[in-house]
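What follows is the residue order along each chain.
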Amino acid sequence: MHNHKQTLGEFIIEKQKEFKYSSGELSKLINAIRLAGKVVNHEVKKAGLVDIFGSSGETNIQGEDQQKLDIFAHNKFIQALSNREIVCGIASEEEDDFIVINSNDKNHQNKYIVLIDPLDGSSNIDVNVSVGTIFSIYRRKSPVGSPVVLEDFLQPGRNQVAAGYIIYGTSTMMVYTTGHGVNGFTLNPAIGTYYLSHPNMKFPEDGHIYSINEGNYIHFPQGVKDYIKYCQAEFEDRPYTSRYIGSLVADFHRNMIKGGIYIYPEYSKAKTGKLRLLYECNPMAFLAEQADGKASDGRKPILDIQPESLHQRVPFFCGSKNMVDKAEEFMR
Ligand code: P6P
């Protein structure tokens, strides 16, 4: 039986037809991300063969040692998004401030902004473990025609128009939502085409996998310690399995397919957690809710948080709804 899998390109065109007033700008934006993802994938998959291992000797605003692939990925996404007159501004983990795209007024006519973590999990690059790109898309709030301003980037996650990730794993996949469910596309590297391999992805309501860096156990809030002990108790469907890859995209993706919870809580060494609200937690929370999962800071939905700064960090509890509910019970 010829099982024609729809390509990402066909999918985007078909979905655009459903939005009769769509200008096609969002489709162009998703296409730009699709293209940049292929370019980054090509580089990531050969990282071991060329001298792009190791650090660039520079550090980013997080004080993190910037891997060359981080910078390569950042540049490729900025380039792909800037060249096509689609967005009026970009914020990236790799840049201290947001980027105003081309100050000529043509680009100020564009209504979308993008926030991106070009290569999350970069510490895993040198050990050949999956890494990912995370992106988040909003409509600008400031008037079209003027240069984009900080407030355009500080919108609650609930305002997102689209969000997704590219996971550079045993296969490369692009997983995204435009607010009508989550769809996963797998890249066929031989021909550079993404195919719809995981339509309408959903978090199982329950799960038996918990993802947390237990090396920080003694520093965790008591509620997190109690939840971990709950996961480890010999009872009913427990103990659960502990799986922690050290790449948010990889842990999230596995949990969405198999069921599970990912937790990066606040703790003594990271007073408000480690993950960034704007280009890690908000896009993953939008995907989680669209896949009938849940994402909170341990108390309230991530998507309802009013951001105050570009690189702000928040505690992150995300995954199967019933597991996040249970973890929140322990946090109360
Ligand atoms: P830790 C990678 O740097 C990252 O931002 C996430 O992708 C990952 O889940 C987490 O940090 C790992 O942090 O402190 O456990 O090494």
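The rules behind each value
Residues numbered from 1 in each chain as written. Predicted model: local features only at pLDDT ≥ 70, side-chain atom pairs only at ≥ 80, totals over all residues. Heavy atoms only, no water. Salt bridge = Lys/Arg side-chain N within 4 Å of Asp/Glu carboxyl O. Helix = DSSP H or I, 4+ residues; strand = E, 2+ residues; numbered from the N terminus. Buried < 20%, exposed > 50% of the residue type's maximum accessible area, 1.4 Å probe, protein only. Domains from an automatic or database assignment. Contact = heavy atoms within 4.5 Å. Buried area = accessible area lost by both parts, 1.4 Å probe. Polar contact = N/O pair within 3.5 Å; in protein donor to acceptor, adjacent residues only side chain to side chain.

(A) Here's a closer look at the pattern of salt bridges. Throughout the structure, instances matching the rule amount to 16 salt bridges. Note that Glu289 is salt-bridged to Arg158, the shortest N-O span being 2.8 Å. With Glu289 in helix α8 (residues 277-290) and Arg158 in the loop between α5 (150-153) and β7 (162-168), the pair connects residues that are 131 residues apart, well separated along the chain. The partly exposed category is assigned to Arg158, whose relative accessible area is 41%. Residue Lys300 is joined to Asp297 by a salt bridge in which the shortest nitrogen-to-oxygen separation is 2.8 Å. We classify Lys300 as partly exposed; its relative accessible area is 41%. Residue classification places Asp297 among the buried residues on the basis of a relative accessible area of 9%. Sharing partners across several salt bridges, the network here consists of Lys294, Lys321, Asp325 and Glu328.

(B) Region of interest: the domain arrangement of the protein. In terms of domain boundaries, the protein breaks down into domain 1 (8-198) and domain 2 (209-331). In this structure, domain 1 and domain 2 have C-alpha centres spaced 23 Å apart. Listed per partner, the contact involves 49 residues of domain 1 and 34 residues of domain 2. Here domain 1 meets domain 2 over a buried area of about 2900 Å², counting both sides, of which 61% is carbon and sulfur. Considering only the surface of domain 1 that becomes buried against domain 2, Leu154, Arg158 and Tyr165 emerge as the three largest contributors, covering 22% of it. Counting the contacts that link domain 1 with domain 2 gives three salt bridges. Connecting domain 1 to domain 2 are 16 residue pairs in polar contact (both at pLDDT 80 or more). Of all the elements in the fold, those that place two or more residues in the side of domain 1 that touches domain 2 are β3 (87-92), β5 (112-120), β6 (131-139), α5, β7 and β8 (172-177).

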